[in-house]
Amino acid sequence: MTHHADKVFSLARKSSQAASSPVAASWLRCMNVHKLSPDQNLSPARLTDQEFREATDRSRVMVEEARDELDRLFQMAGRSGHSLLLTDGNGVVLDRRGTAGDEKEFRGVGLWSGTVWSEASVGTNGIGTALADQRAATVTRDQHFLSSNTGLSCTAAPIRDHLARISGVLDFSTCRDDANELTMAMLSHAVREAALRIEGNLFRRAFPAARIVMVGSGYGALLAVDRDDIVLGATRGARQVLGLDDSRLAAGVPAADLLNENETAHSADLLEAERSALRRAINRNNGNMSRTAEALGISRATLHRKVKRLGLN
């Protein structure tokens with residue numbers, strides 16, 4: 001442990017290392033911001049039962065939308081010695097998956113519901129560093145800040161809500177000695193893909209009446225579009241691809257403009273939609289133009305002009 005602590009102190013104080021390495025930058029934060037020391041014998045903070053219930057309630061929607069994905073991911077990639085965790089935006093473990101034989105060990109190291117895996121709590125780790133850097137993070141063995149965590153390897157990806165704000169983290173952690181670089185790379189890919197699917201679930205739930213449009217080939221880039229072709233929301237992936245931010249979305253951007261749809265074809269579609277709607281209104285009123293105009297909230301003269309323009313004579 002002394003060797004690890006010496007390594008942390010040495011590398012973290014080299015500005016060039018901190019600038020080029022996310023791990024070294026995290027070590028520096030742990031010392032300078034969180035006032036931690038690598039040789040401290042720290043366990044992750046644990047919430048009281050009441051605090052845990054409150055944290056779970058605040059993230060109820062995310063927990064619900066992630067449940068099936070957690071089951072699927074652990075069934076696909078989980079095995080003895082692995083723990084799959086879902087945390088909130090503060091690093092509090094809300095839900096987990098693991099094998100029964102590992103429960104005692106994982107509970108002992110704090111990989112359990114109600115524990116806090118922020119950098120402030122336990123230094124550099126997959127969950128806390130993913131939250132601090134707002135991007136996926138893999139932290140293996142001696143890349144952890146605390147000497148007491150160097151037996152763990154973990155890979156994590158943030159989960160964003162429908163407004164592209166980080167609302168949680170999905171993390172695979174293992175204490176297996178055979179967790180090599182290839183294994184962690186495969187787990188990292190699986191975790192990032194699963195996090196995007198959870199984001200998609202949250203996005204669709206937030207816009208239940210909207211048309212969901214996939215931008216490009218990445219299912220993480222989604223738009224919610226209303227019946228008038230105005231974009232109501234965009235995932236982080238779509239915001240990055242299309243250069244969107246909250247102010248542009250609030251202004252009301254037509255999806256056709258963002259997606260460079262053919263304006264002629266778009267106008268033709270709108271014309272056909274108007275023709276169909278008008279035809280239905282006339283039929284509902286048995287061809288009575290006065291009643292049709294009244295039902296549509298327009299004058300009889302306006303209705304006649306529309307009928308002529310749309311070729312419904």
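Just so it is clear, the model here is predicted, and its values are computed rather than measured.

So, unusual backbone geometry
So, step 1. Its identity is not glycine, yet Arg-141 carries a phi of approximately 30°, on the positive side.
So, step 2. By relative accessible area, Arg-141 is classed as partly exposed at 24%.
So, step 3. We note that Asp-229 has phi near 70°; this positive angle belongs to a residue other than glycine.
So, step 4. Mapped onto the fold, Asp-229 is located in the loop between β9 (222-225) and β10 (231-234).
So, step 5. Asp-229 gets classed as buried once you look at its relative accessible area, which sits at 9%.

A few points about the nonpolar core
So, step 1. The biggest cluster of nonpolar side chains holds 26 residues, and the ones touching the most others in it are Leu-73, Leu-84, Leu-86, Ile-159, Leu-170 and Phe-172.
So, step 2. Counting only elements with at least two residues in this core, the list comes to α5 (60-77), β2 (82-88), β6 (153-160), β7 (166-174) and α9 (181-206).
So, step 3. Sort the elements by how many residues they give to this core and α9 lands first, with eight residues.
So, step 4. When neighbours within four sequence positions are excluded, Ile-159 is seen to be in contact with Met-62, Leu-86, Arg-165, Ile-166, Ser-167, Gly-168, Val-169, Leu-170, Ala-195, Ile-198, Glu-199 and Leu-202.
So, step 5. Counting 22 residues, the second largest nonpolar core, distinct from the first, contains Leu-85, Ala-130, Leu-131 and Val-169.

Focus: a nonpolar patch on the surface
So, step 1. Taken together, Leu-196, Met-214 and Tyr-219 make up a surface patch of nonpolar side chains, about 240 Å² in accessible area.
So, step 2. Of note, Leu-196 is situated in helix α9.
So, step 3. Classification of Leu-196 by relative accessible area gives partly exposed; the value is 30%.

Considerations on the pattern of salt bridges
So, step 1. Throughout the structure, instances matching the rule amount to 15 salt bridges.
So, step 2. The shortest N-O distance in the salt bridge between Glu-64 and Arg-205 comes to 3.0 Å. Placement of the pair is Glu-64 in helix α5 and Arg-205 in helix α9, with a sequence separation of 141 residues.
So, step 3. With a closest N to O distance of 2.8 Å, Glu-65 and Arg-205 form a salt bridge. With a gap of 140 residues between them, Glu-65 in helix α5 and Arg-205 in helix α9 connect regions that are remote in the sequence.
So, step 4. Taken together, the salt bridges that share partners define one network made up of Arg-60, Glu-64, Glu-65 and Arg-205.

Some details on the sheet that holds strand β8 (residues 211-214)
Sheet strands associate in pairs through backbone hydrogen bonding, adopting either a parallel or an antiparallel arrangement.
So, step 1. On the basis of which strands lie adjacent, the open sheet formed by three strands has the order β8-β9-β10 and antiparallel pairing. The sheet terminates laterally at β8 and β10, the two strands that pair on one side only. Strand-to-strand twist across the sheet, computed as the mean angle between neighbouring axes with direction ignored, equals 25°.
So, step 2. Two elements, β9 and β10, share three bridges in a ladder whose sense is antiparallel. From the neighbouring strand, Leu-223 faces β10, where its bridge partner is Ala-234.
So, step 3. Sheet strands in contact with α9 are β8, β9 and β10, and its direction is about 5° off that of β9.

Remarks on the sheet that holds β6
So, step 1. A sheet is described by the order of its strands in space; here five strands give the open sequence β3-β2-β7-β6-β5, paired in antiparallel fashion. Edge positions in the sheet fall to β3 (93-98) and β5 (137-140), since each of these pairs with one other strand and no more. Neighbour-to-neighbour, the strand axes of this sheet turn through a mean angle of 15°, independent of strand direction.
So, step 2. Note that β5 and β6 share four bridges and pair antiparallel. Residue Thr-140 lies in a different strand from β6, and its bridge partner there is Ser-153.
So, step 3. Across the face of the sheet, α5 comes into contact with β2, β3, β6 and β7 while running at roughly 165° to β2.

A closer look at the environment of Arg-96
So, step 1. Positionally, Arg-96 belongs in strand β3.
So, step 2. You can call Arg-96 buried: its relative accessible area is 12%.
So, step 3. Each C-alpha atom of the pair Arg-96 and Phe-74 lies 9.6 Å from the other, and the pair is 22 residues apart in sequence.
So, step 4. Once residues within four sequence positions are removed from consideration, Arg-96 is found in contact with Ser-83, Leu-84, Leu-85, Phe-106, Leu-111, Trp-112 and Ser-113.

The rules behind the values
- Residues numbered from 1 in each chain as written.
- Predicted model: local features only at pLDDT ≥ 70, side-chain atom pairs only at ≥ 80, totals over all residues.
- Heavy atoms only, no water.
- Buried < 20%, exposed > 50% of the residue type's maximum accessible area, 1.4 Å probe, protein only.
- Helix = DSSP H or I, 4+ residues; strand = E, 2+ residues; numbered from the N terminus.
- Core = buried A, V, L, I, M, F, W, Y, C linked by side-chain atoms within 4.5 Å.
- Contact = heavy atoms within 4.5 Å.
- Patch = residues over 30% accessible without salt bridge, like charges linked within 9 Å, V, L, I, M, F, W, Y side chains within 5 Å.
- Areas by Shrake-Rupley, 256 points an atom, 1.4 Å probe, with all protein chains shown as cover.
- Salt bridge = Lys/Arg side-chain N within 4 Å of Asp/Glu carboxyl O.
- Pairing = 2+ DSSP bridges.
- Axes fitted to C-alpha atoms, helices over the stretch in contact; angles between N-to-C directions.

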